[in-house]
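Each chain is listed here by its residues.
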Amino acid sequence: MNTAAEKSPTPFANTRSVSGGAVASVLIGLILAALDQTVVVTALPSMIGQLGRLDLATWVFSAYMIAELSTMLIAGKLADRFGRKRLFLVGVAIFLIGSALCGMASSMEALIACRFLQGIGGGALTPTAFTLIFEMFPPQRQHFLQGLLSGVFALAAMVGPLLGAFLTVHWGWHSVFFVNLPFGVVSMVVLSLTFHEVPWHLRVLPPGVETPQHRHDLPFDIWGMVWLVGSVVSLLLCVEIAVSYGLAHLGATASGIVFVVCMAFFLRTEGRATDPLVDLGYFRDWSFSAAQVCNFLFGAVMMAPIVFVPLFVQGVQAASPEVAGRLLAPMMISVAAGSAIGGRLVEKFSFRGNLLISCAFLLPSQIVLAMISPTSGTTAIQFALIAAGIGVGLSFPVLFLVTLQHTPLHARASGNSLVMFFRTLGSGLGVALLGLAQIAHLRHHVAAGGDNIWRYLHDFHAVFQPELRAALSAAALGDFTTALSASVGYVFLWSSGLSLLIVICTWAMGSKRLDPVRLGYVSPPIHAAADSVELQSTH
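Residues numbered from 1 in each chain as written. Predicted model: local features only at pLDDT ≥ 70, side-chain atom pairs only at ≥ 80, totals over all residues. Heavy atoms only, no water.

1. Focus: a nonpolar patch on the surface
Inference 1: Together, I97, L101, M104 and F178 make up an exposed nonpolar region whose accessible area comes to about 370 Å².
Inference 2: Along the polypeptide, I97 turns up in helix α5 (residues 84-103).
Inference 3: On the basis of relative accessibility, which here comes to 49%, the residue I97 falls in the partly exposed class. (Patch = residues over 30% accessible without salt bridge, like charges linked within 9 Å, V, L, I, M, F, W, Y side chains within 5 Å. Areas by Shrake-Rupley, 256 points an atom, 1.4 Å probe, with all protein chains shown as cover. Salt bridge = Lys/Arg side-chain N within 4 Å of Asp/Glu carboxyl O. Helix = DSSP H or I, 4+ residues; strand = E, 2+ residues; numbered from the N terminus. Buried < 20%, exposed > 50% of the residue type's maximum accessible area, 1.4 Å probe, protein only.)

Here's what the structure looks like:
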């Protein structure tokens, strides 16, 4: 008869039961969730043309993000309690139902509601997908694979607009959602057949490690969940209304007040809960807190080139969307490459050292982009984008491991959900706030040019359409594109400031480095101590 040790030789699942199919099924689910964050960008004009309601167009993005962010932390907690595989499959199922309903939507209101459902599925499957990598692989490979998985996720999000354009042109906007169905079904079936999650009571754990069995009888943090959802929804509503109607709008003010109230109750609830949704004790460690701030800032800086470089290339240099896509392609590849390299470098240097290497690529790239002008060549822009991609990619495995090193083995899904939550929040809020800064700067410069070009601001998309662009006078077009170029440079000036904040937070993290004992790589205390000493002595 097999003993528990024979069934599970590490603190994780039995790696002998893992196949390439199981890994591929997790990757497929993760890629689908990442794609649907951005794939509708280029399909949206066709959706508006058929469904109407231009005034509701931004909610196609906002509904997905609100649902995804509201779900992530809850799904991470549920995955730790009831199994990561189970929550992943539930997330994929909800995501596929939402995708099918989106593809069949006959009105903009219905599409937005279905995008919300799709976002719930995406928020459930994303953090559990990252955690399943820890379930599937031996400890020696996990940090490399975690970095690789981060790169794949970022790459898929950036490829989304290109894929959305291709599908919309050839098969219509409905195909953007229907294409998820066969891949999602394959992901569910293959994972169900090829991966068997080992129950915690059959795992060999380091002495003193608390297992979930000790926590199952504790009440679920329902009120924490309520206040968390209220905080996320009100914050994103506040930003959405502020972007659309201005900061002084009554709706923005009311949403901001609701956010403050909900967040206050959330923090109070989490501080008193027996088994909190988010353990605030983690944030008492400065390296953990600094990692989450860096996650947020990296999310904002990562999205700035993806959104504003195409705006510059198409609006100022009059290039086609295809040219803008080709310009971004090397950045997409460099993000994935940086993530894979970062998974190796984290073994060699401290967390601070790795993030400073990341910033050495990121900060100069944003400074170069801040000096952008109508005469800027594509070569300089492309090199800056490649450097930005490497910098962002290098950070991914480091920030995951800093977080997980402070998280108990049985709470790894919650730890992964925190990483994804702050990065996704940074991406959404960062783009919105940088967009506000860009529009404000553009308005100021256009107004300074007189009424002759001010009126073109109200038909902003004229500079993207060749026939309308040709109708503008040379003077008006020149003034407007100069103002547009200056506003894009202004965005990257702010992005440079955010990169500098990352450097400051990184420097304050201290000299902590990868610890195999805290990550659960070593079970027996005597071996853990020996390995820890050996690791330190090699650096």
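2. Observations regarding the pattern of salt bridges
Inference 1: Applying the stated rule across the entire model yields five salt bridges.
Inference 2: Between R84 and D80 there is a salt bridge whose closest N-O contact spans 2.8 Å.
Inference 3: Take R84: its relative accessible area is 1%, and that puts it in the buried class.
Inference 4: In this structure, D275 engages R81 in a salt bridge whose closest nitrogen and oxygen atoms are separated by 2.8 Å. With a gap of 194 residues between them, D275 in the loop between α11 (250-272) and α12 (286-315) and R81 in helix α4 (residues 59-82) connect regions that are remote in the sequence.

3. Some remarks on the packing of aromatic side chains
Inference 1: In this structure the tally under the stated criterion is ten aromatic pairs.
Inference 2: Consider the rings of W173 and F177, whose centres lie 6.3 Å apart with planes at 85°: the pair is edge-to-face.
Inference 3: Under the relative-accessibility criterion, F177 is labelled buried at 0%.
Inference 4: Plain terms: the ring middles of F283 and F288 are 5.1 Å apart, the flat faces sit at 85° to each other, and that makes the pair edge-to-face.
Inference 5: With relative accessibility at 26%, the residue F283 sits in the partly exposed group.
Inference 6: Residue F288 is classed as buried on the basis of its relative accessible area, which comes to 0%.
Inference 7: Following the ring pairs from residue to residue traces out a cluster consisting of Y282, F283, F288, F421 and F422.
Inference 8: The aromatic ring of W507 is capped on one face by R352, whose charged end is 4.7 Å from the ring centroid. (Phe/Tyr/Trp six-rings, centres within 6.5 Å; stacked < 30°, edge-to-face > 60°. Lys NZ or Arg CZ within 6 Å of the ring centre and 35° of its normal.)

4. Some thoughts on the nonpolar core
If you look at soluble globular proteins, the nonpolar side chains tend to sit buried side by side.
Inference 1: By size, the foremost hydrophobic cluster in this structure holds 55 residues, and its most contacted members are F298, F308, V309, I381, L385 and I502.
Inference 2: Those elements giving two or more residues to this core turn out to be α7 (139-171), α12, α13 (321-345), α14 (351-370), α15 (378-405), α16 (412-448) and α19 (474-507).
Inference 3: A per-element tally of this core places α12 first, with 16 residues.
Inference 4: In contact with V309, other than residues within four places in its own chain, are A304, L327, L369, I381, L385 and F492.
Inference 5: Formed by 52 residues, the second largest nonpolar core is a distinct cluster that contains V26, M72, L235 and F266. (Core = buried A, V, L, I, M, F, W, Y, C linked by side-chain atoms within 4.5 Å. Contact = heavy atoms within 4.5 Å.)

5. Remarks on the side chain of S70
Inference 1: Within the fold, S70 resides in helix α4.
Inference 2: With residues up to four places along the chain from it excluded, the contact list for S70 reads L228, V229, V232 and V233.

6. Structural notes on helix α10 (residues 222-245)
Since one α-helical turn is 3.6 residues long, residues separated by three or four positions face the same way.
Inference 1: Relative to the 34 Å expected for 24 residues at 1.5 Å per residue, α10 spans 34 Å between its end C-alpha atoms, a close match to the ideal helical length.
Inference 2: The first or second residue beyond α10 is G246, which carries a positive phi of 105°. (Expected span 1.5 Å × (residues − 1).)

7. Side note on the confidence of the model for the chain
Inference 1: On average, residues of the chain score 79 in pLDDT, and 80% of them are at 70 or above.
Inference 2: Considering each helix and strand of the chain separately, the mean pLDDT is smallest for helix α20 (residues 525-537), with a value of 38, and largest for α14, with 93.
Inference 3: Here residues 522-539 is a poorly scored stretch, pLDDT under 50, and it has 18 contacts once near neighbours within four places are set aside; other chains count. (pLDDT = per-residue confidence, 0-100.)

8. Here's the deal with the environment of T506
Inference 1: Position of T506 relative to the elements: it lies in helix α19.
Inference 2: A C-alpha to C-alpha distance of 5.6 Å links T506 and R352, two positions 154 residues apart in sequence.
Inference 3: Beyond its immediate chain neighbours, meaning those up to four positions away, T506 contacts C294, R352, L355, L356 and C359.

9. Notes on α4
Inference 1: Over its 24 residues, α4 runs 33 Å from end to end, which matches the ideal 34 Å to within 8%, given 1.5 Å per residue.
Inference 2: Residue M72 marks the point of greatest curvature in α4, where the axis turns by about 35°.
Inference 3: Taken across its 24 residues, α4 has 19 buried, putting it largely inside the fold.
Inference 4: Phi turns positive, to about 115°, at G83, one or two residues after α4. (Bend = angle between axes of the 7 residues up to and from the residue.)

10. Quick look at the environment of V239
Inference 1: Looking at the element boundaries, V239 is found in helix α10.
Inference 2: Along the sequence, V239 and L429 sit 190 residues apart, while their C-alpha atoms lie 7.4 Å from each other.
Inference 3: The residues contacting V239, other than those within four sequence positions of it, are L429 and A432.

11. Quick notes on the packing of α5 against helix α9 (residues 180-194)
For any two helices packed against each other, one specifies the crossing angle of their axes together with the interaxial distance.
Inference 1: The contact between α5 and α9 brings their axes to 10 Å, and the two run at 160°. Between α5 and α9, the angle is such that the two are roughly antiparallel. At the point where α5 passes α9, the crossing takes the left-handed sense. Within the contact between the two elements, α5 uses K85, F88, L89, V92, A93, F95, L96, S99 and A100 and α9 uses N180, L181, G184, V185, S187, M188, L191 and S192.
Inference 2: Of the residues that constitute the contact of α5 with α9, the class distribution is eleven nonpolar, five polar and one charged. (Axes fitted to C-alpha atoms, helices over the stretch in contact; angles between N-to-C directions. Parallel < 35°, antiparallel > 145°, perpendicular 65-115°, else oblique. Left-handed = near helix turned anticlockwise from the far one by under 90°. Nonpolar A, V, L, I, M, F, W, Y, C, P; charged D, E, K, R; others polar.)

12. Thoughts on the side chain of S487
Inference 1: Among the secondary structure elements, S487 is positioned in helix α19.
Inference 2: Within the local environment of S487, its side chain forms a polar contact with the side chain of Q438, the two groups lying 2.9 Å apart.
Inference 3: Excluding residues within four positions of it along the chain, S487 makes contact with Q438, H441 and L442. (Polar contact = N/O pair within 3.5 Å; in protein donor to acceptor, adjacent residues only side chain to side chain.)

13. Here we look at the environment of G224
Inference 1: Of note, G224 is situated in helix α10.
Inference 2: By relative accessible area, which is 0% here, G224 ends up buried.
Inference 3: Residues G224 and M263 lie 39 residues apart in sequence; the distance between their C-alpha atoms is 9.9 Å.
Inference 4: Apart from the residues within four sequence positions on either side, G224 is in contact with F266, T269, E270 and L277.

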